[in-house]
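Examining the three-dimensional arrangement
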Amino acid sequence: METMDDNLIQDDESELTDDFTNDMKNKKDDEKPHRLDLLESGYFENISRESFKVVFTALNPLNFLSYNQRLIIQDFLKNKQVLYSHADSTRLWFESAKDEFLTLLASYDEQTLYEKRHTIFNIYEQTFWTRKGKIDLHKFSNFCYLNKIQNILYSDVKVLVQIKGRIVEKITTSDVIMFAKAWVKDYQTYCKTCPFLVPLEPFELDRLFQGLAKHETTTTILTLNCIKIKFLADTKDKIFLPFQNIVLEVTKDTLKENKDSSYYWSSWQIKHKIDMLKYSKKGQGDFFQFLQNIATNEDNLFSAIGYMISTYKNPANPRCLVLGEVGEELDEVMGGSGKSLITQALSHVRNTIFLSGQRWNPYKNFLFQRVKIDTQVVILDDVKKSFRFDDLLDTLSNGIILEEKNKQEIHLKSEQGPKFGLTTNFPVVGTDDSHTRRRLDVEISHFYNAKHRPVDDFKRLFFSPDWKSKDWQDFYFTVIYCCQSYLSKDTILVDQAVITRRAVKLEIGEDLASVLDYILETDKTYTIELLQAKLRELTGKLVSANLLARKANKYYTALNYKVTSTRVVANNEKIRNYTISEGAKNVS
């Protein structure tokens, strides 16, 4: 709270009693008490004319007191008057306690008095009750305002929050009422150690708590002013990491503390401190070594992690991280390669929600009910072999719909919503251009598997209580390295050839894929009749010519081969002959 300002003195004040006014006329200027002590504009707006007389009469003989001493008594009398219906009660009470007050005041130096006065004044300002413990709703609104409880607009959604410094915490009306009750209890406790504060009587306390539970109080909370505040937001060139001790601003070349006035959700704060004096530009520690062990392409893996940490999304091309395993054949997939440790690492940097890929059903109601407006990353963990990337395309392109039971749905645009990633032991179906542009495929090697786990090399579990402060420092230094690796690139280039081959094999069927691979390895020409015959040998089934033609063309096109057809005559019949030729390398 701001301190009193001498500019608020009102020279035309006529509320003084005659005795006090006459006494003032007889004193020299340097002997006069500060009229501000008694006449601050609006300070006594809720106190009657008779109450002014009480304060002036009480303070008139105490002109020898210092400025801060008089302010404390004045504040106390104002607060005491609120609890009594008659001015005489206040006058009699003060007269009986005056000697004790003077003795106590004399024991404090001016600095202590100044600090106490401000503490008491701030407490008085937050009280939200009148006589006999009745809630004053106007004062309760002021109590909320002083404690930074208010509504904000976030992505066009009204949210009740409490702001502490730069940190914004989502709360409910129940949280506000509990906070108010806790504040009153603290007030009662503080009154025991501060004789200048007036505690509530037991019956007043009961009435106050009953008032907090009433509908009118909840309505007051819900109708608090709604404002817009600026939130911390990553850009194409910057990533912000809000540690407990600093907000670190990362660019491709520099690291510095961010000190602007933007806010961030409490769920965004990293639960550790960072010591930049120990920073090494090159990643270090066990987690860095782990990433090097599992990477098939170190540069791509580090950059992909940096991409997921950055909350910036290009609205023209938002991408989903697809963490798979190396291996061209479908039956080579084993699991246990360390993909889940990468997604766990993301959860220690960004507010991450894990959804079960095994139970994923895109047609289910309330699909994203666990996702909130402050969620930064959504991971579909261990998706099924039947998972179709098409089911995510609309969400990636047009944003996410947040639904909760009995609540209004919220639509977050693509650039406002979380980033998506998924882990899988299988190739993900989807090979056309709309899929490959939206995917960021990263393959993990089989360095680790069911027989050789990370704990065998590092002798402890990652992110566990076994990790000491240095381990966390090394981990976050690796995070910074990943961020700078991503920021230093215009785009992340991923060789899609093997990944696409596996995905399209799953889509067309492995039997047909093996026939098409055989043709690639031989003379690179085929007819639909040849495909039908070869496939019938393998499966005993006859597949329609049109379906085979579409699947063959899809397979070869996905692998970036060019397929041309010509009509030839064989056995007096016109047939279509297909020729396969090399295309450009498939890079996205």
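Quick caveat: nothing in here was measured; it's all calculated off a predicted structure.

**Details of the overall build of the protein**
Each helix and strand in the protein was counted, giving 21 helices and 18 strands. Accessible surface, the protein: about 30100 Å² in total, of which carbon and sulfur atoms supply 48%.

**A look at empty space enclosed by the protein**
The tally for this structure, following the rule as stated, stands at 4 cavities of 30 Å³ or more. Approximately 70 Å³ is the volume attributed to the second largest cavity. Lining of the second largest cavity is provided by Lys313, Pro318, Arg319, Thr395, Leu396, Gly399, Ile400, Ser414, Gly417, Pro418, Lys419 and Phe420. Counting only elements with at least two residues in the lining of the second largest cavity, the list comes to helix H14 (390–398) and strand S14 (419–424). Of the residues assigned to the lining of the second largest cavity, the class counts are 5 nonpolar, 4 polar and 3 charged.

**Topic: the layout of surface pockets**
Here the second largest pocket is characterised by a volume of approximately 660 Å³. Forming the boundary of the second largest pocket are 20 residues, of which Val157, Lys158, Glu404, Lys407 and Ile410 lie nearest the centre. The greatest single-element share of the lining of the second largest pocket, amounting to 4 residues, is contributed by strand S2 (residues 157–164). A per-class count over the lining of the second largest pocket returns 9 nonpolar, 4 polar and 7 charged.

**Digging into the nonpolar core**
Leu241, Phe290, Leu291 and Phe475 are the most contacted members of the largest nonpolar core, which has 49 residues in total. Ignoring anything within four residues of it in the chain, the contact list for Phe290 reads Gly338, Leu341, Ile342, Tyr448, Pro454, Phe458 and Phe462. One finds Cys320, Leu355, Val383 and Leu392 within the second-largest nonpolar core, a separate group that totals 37 residues.

**Details of the sheet that holds strand S7 (residues 255–257)**
As summarised here, the arrangement of the 3 strands in space is S5-S6-S7, forming an open sheet in which the pairing is antiparallel. The sheet is open, and its two edges are formed by strand S5 (239–242) and S7, each paired on a single side. Strand-to-strand twist in this sheet, taken as the mean axis angle between neighbours without regard to direction, amounts to 25°. Direction of pairing for S5 relative to strand S6 (residues 247–250): antiparallel, over a ladder of 4 bridges. Directly across from Phe240, in S6, lies its bridge partner Glu249.

**Some words on the sheet that holds strand S9 (residues 320–325)**
Read across the open sheet, the 5 strands follow the order S10-S11-S14-S9-S15; overall the sheet is parallel. The open sheet has two free edges, formed respectively by strand S10 (352–356) and strand S15 (439–444), since each of these has just one partner strand. Taking the axes of each pair of neighbouring strands and ignoring which way they run, one obtains an average angle of 20° across the sheet. Both S10 and strand S11 (residues 377–383) contribute to a ladder of 5 bridges, which runs parallel. When the bridges of S11 are listed, Ser356 appears paired with Asp381. In the packing of helix H12 (residues 298–309) onto the sheet, the strands contacted are S9, S11, S14 and S15, and the crossing angle to S15 comes to about 135°. Together, S9, S11 and S14 form the strand contacts of H14, whose direction differs from that of S14 by roughly 160°.

**Focus: the packing of helix H8 (residues 173–193) against helix H10 (residues 215–222)**
The contact between H8 and H10 brings their axes to 10 Å, and the two run at 110°. By the criterion of interaxial angle, the relationship of H8 to H10 is roughly perpendicular. Our pair here, H8 against H10, has a crossing hand that is right-handed. Here H8 contributes Thr173, Val176 and Ile177 to the contact with H10, which in turn contributes Thr218, Ile221 and Leu222. The residue makeup of the contact of H8 with H10, split by class, is 4 nonpolar, 2 polar and no charged.

**Regarding the side chain of Asn351**
Mapped onto the fold, Asn351 is located in the loop between helix H13 (339–347) and S10. Only 3.0 Å separates the side chain of Asn351 from the backbone oxygen of Asp374, close enough to count as a polar contact. Residues within four places of Asn351 in sequence aside, it is in contact with Ser267, Trp268, Asp374, Thr375, Gln376 and Val377.

**A few points about the confidence of the model for the protein**
With 76% of its residues at a pLDDT of at least 70, the protein reaches an overall mean of 79. The model gives residues 1–64 a pLDDT under 50, and that stretch makes 96 contacts with residues more than four places away or in other chains. Confidence over residues 584–588 falls short of pLDDT 50; this stretch has 18 contacts with residues more than four positions distant or in other chains.

**Quick notes on the packing of H12 against helix H17 (residues 469–487)**
Put simply, H12 and H17 touch, their axes get as near as 7 Å, and they point 95° apart. Relative to H17, the element H12 is oriented roughly perpendicular. Facing H12, whose interface residues are Asp299, Phe302, Ser303, Ile305, Gly306, Tyr307 and Ile309, H17 presents Val479, Tyr481, Cys482, Cys483, Ser485 and Tyr486. In terms of residue class, the contact of H12 with H17 is built from 9 nonpolar, 3 polar and 1 charged.

**Remarks on the pairing of S14**
Walk down a regular strand and you will see the side chains alternate between the two sheet faces. A large share of S14 lies buried, amounting to 6 of its 6 residues. The alternating pattern of S14 places Lys419, Gly421 and Thr423 on one face and Phe420, Leu422 and Thr424 on the opposite face, and all of these are buried. Both S9 and S14 contribute to a ladder of 3 bridges, which runs parallel. Along S14, the bridge assignment pairs Val322 with Leu422. Here S11 runs beside S14; their pairing, made up of 5 bridges, is parallel. Across the sheet, residue Ile379 finds its bridge partner in S14, namely Gly421.

**A look at H14**
Among all positions of H14, only Leu392, Leu393, Thr395 and Leu396 are buried. One or two residues past the end of H14 sits Gly399, with phi positive at roughly 105°.

**As for the packing of aromatic side chains**
To describe a pair of aromatic rings, you give the distance between the ring centres and the angle between the ring planes. Enumeration over the complete set of coordinates arrives at 43 aromatic pairs. An angle of 35° between the planes, with centres 6.0 Å apart, marks the rings of Phe463 and Trp472 as tilted. Pair check on accessibility: Phe463 and Trp472 agree, each one buried. In this structure, Lys181 packs its charged tip against the face of Phe209, placed 5.8 Å from the ring centre. Above the face of the Tyr307 ring, Lys419 is positioned so that its terminal group lies 3.5 Å from the ring centre.

Cut-offs and rules
Counting restarts for each chain, with residues numbered from 1 along the sequence as it is written. Residue-level local features of this predicted model are given only where pLDDT is at least 70; pairs of side-chain atoms are given and counted only at 80 or more, and the full residue set underlies all totals for whole chains, interfaces and linings. Excluding hydrogens and water, the side-chain values take into account all heavy atoms of the structure. Secondary structure follows DSSP: runs of H or I at least 4 residues long count as helices, runs of E at least 2 residues long count as strands, and numbering of each begins at the N terminus. Computed with a 1.4 Å probe, the accessible areas rest on the Shrake-Rupley method; for each residue, only the protein chains presented here act as cover. For each structure, a 1 Å grid was placed over the protein atoms alone; sets of points admitting a 1.4 Å probe that cannot get out are labelled cavities, open sets with protein on both sides within 12 Å along at least five of seven lines are labelled pockets, and lining residues have an atom within 4 Å of a point. Grid points are joined across faces, edges and corners, and a volume is the space filled by probe spheres set on the points. Throughout, the ten residues Ala, Val, Leu, Ile, Met, Phe, Trp, Tyr, Cys and Pro are labelled nonpolar, Asp, Glu, Lys and Arg are labelled charged, and all others, Gly among them, are labelled polar. The term nonpolar core refers to a set of buried residues drawn from Ala, Val, Leu, Ile, Met, Phe, Trp, Tyr and Cys, joined through side-chain atoms within 4.5 Å. Categorising residues by exposure relies on relative accessible area from a 1.4 Å probe, with only protein chains included: less than 20% of the type maximum marks a residue as buried, more than 50% marks it as exposed, and the intermediate range marks it as partly exposed. The contact criterion used throughout is that any non-hydrogen atoms of two residues lie within 4.5 Å. Think of it this way: DSSP has to see at least two bridges between two strands before they count as a pair. Fitting a line to C-alpha atoms yields each axis, with helices limited to the stretch in contact; the angle taken between N-to-C directions then spans 0 to 180 degrees. For classification, angles of less than 35 degrees are called roughly parallel, those exceeding 145 degrees roughly antiparallel, those between 65 and 115 degrees roughly perpendicular, and all remaining angles oblique. Each helix crossing is assigned a hand: it is left-handed if the near helix lies turned anticlockwise from the far helix by less than a right angle, otherwise right-handed if that turn is clockwise. N or O atoms closer than or at 3.5 Å make up a polar contact, with two conditions inside protein: a donor-capable atom paired with an acceptor-capable one, and, for residues adjacent in sequence, both atoms drawn from side chains. Scored between 0 and 100, pLDDT is the confidence that the predictor attaches to each residue. Only the six-membered ring of Trp is used, alongside the rings of Phe and Tyr, when aromatic pairs are assigned; centres must lie within 6.5 Å, and planes under 30 degrees apart are stacked while those over 60 apart are edge-to-face, with the rest tilted. Here, over-ring charges are defined by two tests on the NZ atom of lysine or the CZ atom of arginine: distance to the ring centre within 6 Å, and angle to the ring normal within 35 degrees.

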